[in-house]
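In case you want the letters, here they are:
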Amino acid sequence: SIFFLSSPFVFADDISDFSIEGMSIGDSLLDYMTEDEILKEIELYDGYQFLNEPYKYTEVYLWKDFPIYDMVSVKFLNISSSKYISNKNEKYTILNLRGMIRYVEDFDGCIQKRDEIVVDLSKVFPNVDKREAVFTPKDDPSGKSIIDAVYFEFNLGGKASVACYDFEETFRVKNNGSEGLEVTIDTAEINDWLLDEI
């Protein structure tokens, strides 16, 4: 299974009940990286410029050989916002998890894998609202890129999504990007922040 539940035989109703590559919402990032590694990654973060508060939270990539995902990233409160927190573990509390598996120019393969994960998640979260959306990313001027996503929306405001990204080739190459399957878990606060666009 691509998700690992802390109680695999129990119906879950909270996003903290499952994890990506052993990491869960609410964990301290210090359990998975040193503070020096975290600070180096923070320096590379250039914000979500389309948001009202692009630097309120920061994102760090974990460059490891994971068993399932090609890439994992996490979001947490920006260091400048959390400088008055004395407990280091709290300073680096994970509020978002994202795992990606590359499916470059294999959209059908991606959709097939996505649908398998959606079936698994639907069994685990039978009472959670689920919706599908297909749209074009705003930053692609050609309008030919596609994001095909399924969202699981939790009562407490958190959200999980399983999406396939199929970028128009010129756009993908220009941005040195990858494409494929993305599995994301967001807390309510991250979800609200990402919806607060300029």
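Please refer to the structure placed before this passage.
In this text, all values refer to a predicted model and were calculated from it rather than measured experimentally. Per chain, residues are indexed from 1 in the order of the written sequence. In view of the model being predicted, local features appear only for residues whose pLDDT reaches at least 70, and side-chain atom pairs are presented and counted only at 80 or more, with totals across whole chains, interfaces and linings using the full set of residues. Only heavy atoms go into the side-chain values, all of them from the structure, while hydrogens and water stay out.

Visitor: I keep staring at the overall build of the protein chain and nothing clicks. Help me out?
Guide: Working definition: helices are DSSP H or I runs of at least four residues, strands are E runs of at least two. Numbering for both runs from the N terminus. Scanning the protein chain for helices and strands turns up 5 helices and 10 strands. Here the radius of gyration uses the C-alpha set of atoms, whereas the globule reference equals 2.2 Å times the residue count to the power 0.38. Expected size for 198 residues packed as a compact globule is a radius of gyration near 16 Å; at 17 Å, the protein chain falls within 12% of this value. For the protein chain, the proportion of its 198 residues judged to be buried stands at 47%. Intrachain contacts of the protein chain at a sequence separation of at least 6 include 58% that bridge at least 24 residues. Relative accessibility thresholds used throughout: buried, under 20% of the residue-type maximum; exposed, over 50%; partly exposed, between the two (1.4 Å probe, protein chains only). Note on contacts: a residue pair is in contact if any heavy atoms of the two residues lie within 4.5 Å.

Visitor: Honestly, unusual backbone geometry in this entry has me stumped. Any pointers?
Guide: Glycine aside, negative phi is the norm for most residues, and most peptide bonds take the trans geometry. With a phi close to 50 degrees, Glu21 is a non-glycine residue in the positive phi region. By secondary structure assignment, the location of Glu21 is in the loop between strand S2 (18-20) and strand S3 (23-24).

Visitor: Mind showing me how you'd approach the environment of Phe125 here?
Guide: Structurally, the position occupied by Phe125 is in the loop between helix H3 (107-124) and strand S7 (129-135). Judged by its relative accessible area of 2%, Phe125 is buried. Residues Phe125 and Ile15 lie 110 residues apart in sequence; the distance between their C-alpha atoms is 9.8 Å.

Visitor: How do you make sense of the packing of aromatic side chains when you look at a structure like this?
Guide: A ring pair, where both rings are aromatic, is described by two values, the distance of the centres and the angle of the planes. The pairing test for Phe, Tyr and Trp rings, Trp by its six-membered ring, is centres within 6.5 Å, and the orientation test on the planes gives stacked under 30 degrees, edge-to-face over 60, and tilted for anything in between. Within the structure shown, the criterion is met by 9 aromatic pairs. For the ring pair Tyr57 and Trp193, a centre distance of 5.1 Å and an interplane angle of 65 degrees mean the geometry is edge-to-face. Within this pair, whereas Tyr57 is found in strand S4 (residues 57-62), its partner Trp193 is found in helix H5 (residues 188-195), the two being separated by 136 residues in sequence. Of the two residues examined, Tyr57 and Trp193, each falls in the buried class. Taking the centre distance of 5.8 Å and the plane angle of 45 degrees together, the rings of Tyr165 and Phe167 count as tilted.

Everything listed is a geometric property; what it means functionally is a separate question.
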